[in-house]
Amino acid sequence: MTEDTSEKRAQEAYDALRASLDEMTIKYQESAGALYRVEFEMIGKFIPMKYSIVIDPVKQVILMFVYLPFKVPEDRREDVAVVTSFANSMLADGSFDFDVDDGSVSYRMASSFRESLVGKGLFDRMLTCAFCVVDRLGFRMFVVSRGMMTPDEFAEKD
C-alpha cells in the first residue's frame with residue numbers, strides 16, 4: 001500500500017470516528033501530529049473515564065485507550081492483578097492493562113483497518129463496548145483496590 005493510500009484510508013477512518021462522536025454528541029479534543037488522535041471524557045453509572053483514540057496511518061490500526069480514574073495502593077496490587085487477569089479471560093474484545101509499578105489501570109481495544117472498510121458503525125461498537133465493560137468491571141476493580149471486595153467476590157459476580 002502506498003503512503004498516499006495509507007494516509008487516505010486513515011483520514012477516512014478519522015472522519016468516521018468524528019462522525020460517530022458527533023452523532024453521540026460527545027465533545028472531544030483533536031490532537032495534531034503524525035497520528036490522528038481524539039481525547040474526551042465520559043461519566044458512566046459508576047465511574048468517570050478518560051478516552052484516547054489514535055488512528056495510525058502507517059500500521060493501519062485504530063487504538064482506543066480508556067484510563068480509569070484511580071491508582072491502586074501498593075498493598076492491594078496483587079489482588080487487582082488477579083482480578084485484571086480474571087476480567088480479561090471473560091472479554092471477547094479488548095483487555096485491561098494493569099501497571100504494577102504505579103498502580104494505574106486502563107482498558108485497551110484495537111482494530112486493524114488494513115484492506116477493510118471502516119465506517120461509523122465500527123466506532124459505535126467500539127465506544128459502546130468499551131463504555132459498558134469499563135463502567136461495570138472497572139468499577140469493580142476500584143472496589144477491590146479499596147479492599148471492599150475480594151478477588152473471589154469479583155469472580156462470583158459474573
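Coordinates for the structure precede this section.
Residues numbered from 1 in each chain as written. Predicted model: local features only at pLDDT ≥ 70, side-chain atom pairs only at ≥ 80, totals over all residues. Heavy atoms only, no water.

A.B. asks: Help me understand the packing of aromatic side chains, please; the structure alone is not making it clear to me.
C.D. replies: The way to describe two aromatic rings as a pair is by their centre distance and the angle between their planes. If you walk through the whole model with that rule in mind, you get 8 aromatic pairs. Seen from the ring of phenylalanine 154, arginine 140 lies directly overhead, with NZ or CZ sitting 4.4 Å from the centre. (Phe/Tyr/Trp six-rings, centres within 6.5 Å; stacked < 30°, edge-to-face > 60°. Lys NZ or Arg CZ within 6 Å of the ring centre and 35° of its normal.)

A.B. asks: I would appreciate a short explanation of the pattern of salt bridges in the present structure.
C.D. replies: Any two side chains of opposite charge can pair, given that their charged atoms come close. Applying the stated criterion across every chain, the model contains 9 salt bridges. Between aspartate 15 and arginine 18 there is a salt bridge, and its shortest N-O distance comes to 2.6 Å. Highlighted residues: aspartate 15 and arginine 18, both in helix α1 (residues 3–23), separated by 3 residues, approximately one helical turn. Judged by its relative accessible area of 23%, arginine 18 falls in the partly exposed class. Across the pair lysine 71 and aspartate 102 runs a salt bridge whose closest N-O atoms are separated by 3.5 Å. You can see lysine 71 sitting in strand β4 (residues 61–71) and its partner aspartate 102 sitting in the loop between β5 (95–98) and β6 (104–112), a full 31 residues away along the chain. With a relative accessible area of 34%, aspartate 102 lands in the partly exposed category. (Salt bridge = Lys/Arg side-chain N within 4 Å of Asp/Glu carboxyl O. Helix = DSSP H or I, 4+ residues; strand = E, 2+ residues; numbered from the N terminus. Buried < 20%, exposed > 50% of the residue type's maximum accessible area, 1.4 Å probe, protein only.)

A.B. asks: What should I look at first to understand unusual backbone geometry in this one?
C.D. replies: Working note: non-glycine residues mostly have negative phi, and peptide bonds are mostly trans. Not every positive phi belongs to a glycine, and threonine 25 is a case in point at roughly 55 degrees. Residues other than glycine seldom take positive phi values, yet glutamine 60 does so here, at roughly 55 degrees. Considering the arrangement of structural elements, one finds glutamine 60 in the loop between β3 (48–56) and β4. You can call glutamine 60 buried: its relative accessible area is 0%.

A.B. asks: Quick question: what am I supposed to make of the sheet that holds β5 here?
C.D. replies: Remark on secondary structure: sheet strands pair via backbone hydrogen bonds, oriented parallel or antiparallel. Here 6 strands make up an open sheet; going across it, the order is β1-β2-β3-β4-β6-β5 and the pairing antiparallel. Only two strands of the sheet have a single neighbouring strand rather than two, namely β1 (29–31) and β5. For this sheet the average axis-to-axis angle between neighbouring strands, irrespective of direction, equals 25 degrees. For strand β2 (residues 36–43) and β3, the ladder comprises 8 bridges, and the chain directions are antiparallel. (Pairing = 2+ DSSP bridges. Axes fitted to C-alpha atoms, helices over the stretch in contact; angles between N-to-C directions.)

A.B. asks: What am I meant to see in the packing of helix α2 (residues 77–90) against helix α3 (residues 120–145) here?
C.D. replies: Following both chains from N to C, one finds α2 and α3 inclined at 160 degrees, their axes separated by 9 Å at the closest point. Viewed along their axes, α2 and α3 adopt a mutual orientation that is roughly antiparallel. The handedness of the crossing between α2 and α3 comes out as right-handed. Contact with α2, carried on its side by Asp79, Val80, Val83, Thr84, Ala87 and Met90, involves Leu137, Met141, Val144 and Ser145 of α3 and no other residues of that element. Of the residues that constitute the contact of α2 with α3, the class distribution is 7 nonpolar, 2 polar and 1 charged. (Parallel < 35°, antiparallel > 145°, perpendicular 65-115°, else oblique. Left-handed = near helix turned anticlockwise from the far one by under 90°. Contact = heavy atoms within 4.5 Å. Nonpolar A, V, L, I, M, F, W, Y, C, P; charged D, E, K, R; others polar.)

A.B. asks: Explain the side chain of arginine 77 here, please?
C.D. replies: For arginine 77, the location among the structural elements is in helix α2. Buried charge without a salt bridge: arginine 77, with glutamate 74 as the nearest opposite-charge side chain at an N-O distance of 4.6 Å. Setting aside chain neighbours within four positions, we find arginine 77 in contact with Val72, Phe98, Val100, Asp101, Asp102 and Gly103. (Lys, Arg positive; Asp, Glu negative; His and termini not counted.)

A.B. asks: Looking at this structure, how should I read the nonpolar core?
C.D. replies: Ranked by internal contacts, the top residues of the largest apolar core, which has 46 residues, are Phe40, Ile55, Met64, Phe96, Val105 and Tyr107. For this core, the secondary-structure elements that each account for two or more residues are α1, β2, β3, β4, α2, β5, β6 and α3. In terms of residue count, α3 provides more of this core than any other element does, 12 residues in total. If we ignore the near neighbours within four places in the chain, the residues touching methionine 64 are Tyr51, Ser52, Ile53, Tyr107, Arg108, Met109, Met126, Leu127 and Ala130. (Core = buried A, V, L, I, M, F, W, Y, C linked by side-chain atoms within 4.5 Å.)

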